[in-house]
Amino acid sequence: MLLLAVFERAALLLMALFFLSRFRPFQHLLRKQDHSPAELAGVSLLFCLFAVFSTYTGIPVDGSLVNVRIIAVLSGGILFGPWVGIPAGIVSGVHRYLIDIHGYTSVPCLISSVAAGLIGTFIHYRAGKARLWLYGVVAGMFCEGLTMALILLLTDPGVGAAIVGHIAYPMILGTVCVGLIVRLVQDLDDEKELLAARQAKLALTIANQTLPYFQNLDRDALIEVCTVIRQHIGADAVAITDTADVLAYVGLGKDYYRQHGHSAIGEITRQAVERDQIIIENNLQQYHLADFHSVIIIPLRENGRVTGTLKIFYRKSHGITSSLREVAVGLSQLISTQMEVSRIKQLQEMTRKAEFTALQSKINPHFLFNALNAISSLIRIQPSEARQLIAKLADYLRYNLALDDGLIDIQDELRQVRDYIAIEQARFGDKLKVVFDVDDVHVRVPSLLLQPLVENAILHGIQPRKGPGEVCIAVKRDGARIHVCVRDSGYGISQEVIDGIAEGKVESRSIGLMNVNERVKLLYGEGLRLTRLEPGTAVCFDLPAEEAAC
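Reading the values: rules and limits
Residues numbered from 1 in each chain as written. Predicted model: local features only at pLDDT ≥ 70, side-chain atom pairs only at ≥ 80, totals over all residues. Heavy atoms only, no water. Helix = DSSP H or I, 4+ residues; strand = E, 2+ residues; numbered from the N terminus. Polar contact = N/O pair within 3.5 Å; in protein donor to acceptor, adjacent residues only side chain to side chain. Contact = heavy atoms within 4.5 Å. Pairing = 2+ DSSP bridges. Axes fitted to C-alpha atoms, helices over the stretch in contact; angles between N-to-C directions. Buried < 20%, exposed > 50% of the residue type's maximum accessible area, 1.4 Å probe, protein only. Parallel < 35°, antiparallel > 145°, perpendicular 65-115°, else oblique. Left-handed = near helix turned anticlockwise from the far one by under 90°. Nonpolar A, V, L, I, M, F, W, Y, C, P; charged D, E, K, R; others polar.

1. Quick notes on the side chain of S106
Logical step 1: The residue S106 is located in helix α6 (residues 106-126) in this model.
Logical step 2: At a separation of 3.2 Å, a polar atom in the side chain of S106 contacts the main-chain carbonyl oxygen of G103.
Logical step 3: In this view, S106 contacts R96, Y97, D100 and I101; residues no more than four positions away in its chain are not counted.

2. Here we look at the sheet that holds strand β4 (residues 246-251)
Logical step 1: An order of β4-β3-β7-β6-β5 is seen for the five strands of this open sheet, with the pairing classed as antiparallel. Each edge of the open sheet carries a strand with a single partner, namely β4 and β5 (279-281). Neighbour-to-neighbour, the strand axes of the sheet open up by a mean angle of 15°, direction not taken into account.
Logical step 2: Bridge count for strand β3 (residues 237-241) against strand β7 (residues 305-314) is five bridges, and the pairing is antiparallel. Its bridge partner lying in β7, A237 is registered against F313.
Logical step 3: Here helix α10 (residues 219-233) sits on the sheet in contact with β3, β4 and β7, set at roughly 40° to β4.

3. Some details on the pairing of strand β14 (residues 537-544)
Logical step 1: In terms of burial, β14 is a largely internal element, seven of the eight residues being buried.
Logical step 2: Summarising the sheet, strand β12 (residues 481-488) and β14 pair through eight bridges and their orientation is antiparallel. Note that in β14 the partner of H483 across the bridge is D542.
Logical step 3: The sheet contact formed by strand β13 (residues 529-532) and β14 spans four bridges and is antiparallel. Within the sheet, the bridge partner assigned to R529 lies in β14 and is C540.
Logical step 4: Here β13 hands over to β14 after four residues, with G536 in that stretch at a positive phi of 100°.

4. A look at the packing of helix α15 (residues 410-428) against helix α16 (residues 451-462)
Axes are the key here: two packed helices are described by the angle between their axes and the distance separating the axes.
Logical step 1: Between α15 and α16, the shortest axis-to-axis distance is 10 Å and the interhelical angle comes to 20°. Considered as vectors, α15 and α16 are oriented roughly parallel to each other. By crossing handedness, the relation of α15 to α16 is classed as right-handed. Counted together, E413, V417, Y420, I421, E424, R427 and F428 of α15 and Q451, V454, E455, I458 and L459 of α16 form the full contact between these two elements.
Logical step 2: Of the residues that constitute the contact of α15 with α16, the class distribution is seven nonpolar, one polar and four charged.

What follows is the structure, encoded as structure tokens:
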């Protein structure tokens with residue numbers, strides 16, 4: 001019966017801690033690792049009251065009190081350290097002594113209470129979290145055992161033996177409740193960590209499934225994003241807006257948006273945008289087109305400013321829980337980040353295309369000037385051949401003008417190179433020999449990618465030589481890559497030019513080479529590889545075998 005009484009009083013302590021743990025401030029206090037002096041003072045006072053109250057609820061037995069004071073003191077010391085355990089031990093021990101100064105057990109209880117505070121503090125600093133509860137049980141049994149030993153030592157042998165014989169068993173076994181109290185508090189941490197893990201898993205799952213839709217940020221993609229979010233959080237409707245209109249809407253009431261294409265945002269949404277704050281309504285009479293009673297509206301931000309909102313609707317009241325709020329905030333941050341990255345990619349792509357167009361526009365007049373210069377030298381001495389070259393040049397330019405995206409099959413690019421070589425061979429005659437070593441590969445490349453390299457090889461490699469020279473144009477498949485190389489047997493390129501191209505600084509005579517290097521780098525991530533040969537120069541780069549260059 002005494003053991004049951006001990007458990008009943010320990011249960012009161014457990015119930016008090018359980019109800020306190022339901023309050024958010026106390027939860028926050030229990031979960032913190034570092035506490036302020038004011039917080040420690042408050043917790044110390046609380047456990048002092050628990051310990052003193054345990055004395056008052058004790059059961060008198062042969063001049064002693066069967067109580068759970070040691071359980072309260074040890075629990076405070078184990079959970080919060082010296083500023084809680086030691087004061088609780090001293091206060092409760094002194095109180096126990098003062099209410100029964102001449103009692104048989106007053107001094108033993110004083111000593112064991114202070115010892116419990118010290119032992120609880122030691123366990124707080126030295127024991128691992130996983131077995132904290134077990135150390136608490138062992139410590140409780142030790143402290144109660146110490147009490148029994150002191151009673152036998154400090155009281156009349158006959159009286160002490162009688163007291164110990166009646167109370168030792170229930171008091172020592174009752175200390176298992178120390179482990180229960182410690183586990184109760186630890187479960188709060190585990191509950192928080194488990195909830196955080198679930199929220200993180202949910203957010204990662206949604207992120208993984210929505211990521212592909214942010215590649216092309218349009219209305220259809222945003223609808224798919226809303227669909228994924230709605231499926232995973234069980235919402236009745238999900239919407240994404242900008243600062244004026246609804247961009248995507250999925251769920252109850254979607255037929256309205258199908259008919260109208262878009263709709264202006266409501267007053268509550270406008271408040272969320274203008275104030276840049278989360279708005280939660282959990283008890284609406286009716287909201288929107290469907291019978292919604294709960295809604296959370298979270299601003300979406302790009303570059304530090306609000307660009308829209310994420311809205312989640314439920315038909316039930318109080319559908320927006322604290323955990324759902326955390327998930328929704330995480331999703332809004334995810335969407336904001338992905339939208340910002342998507343827009344940056346779009347801007348980068350637009351910039352890249354504009355830069356590419358600018359580079360290509362520089363090469364066309366350069367090529368045209370050299371071609372016309374070659375033709376003009378033939379008009380008087382070989383007019384018929386000049387007419388043929390004019391026809392080739394006209395076909396060449398007509399083909400280029402017909403291109404919409406600037407990409408052609410590499411075999412078409414090689415045909416353009418052959419037309420250019422025909423013009424140049426008309427100028428150089430036997431001095432120029434050109435060899436093609438080309439595999440049957442088909443990959444799309446920008447026009448005028450090879451011609452400037454061939455032109456550079458002829459004008460700066462072969463032309464300065466007194467004797468004949470050779471230019472070799474190779475396009476070879478090498479696994480998943482296509483190796484392209486233009487080699488000449490002329491004067492080798494100088495290290496100064498190689499360094500200048502690598503640094504983006506070249507003289508005007510190498511502008512064509514620099515131009516191609518920049519375009520190749522923009523398209524494929526790696527520029528030209530220039531090598532001085534003996535004799536001659538090699539200019540090479542690689543293309544992806546399966547990927548269209550764009």
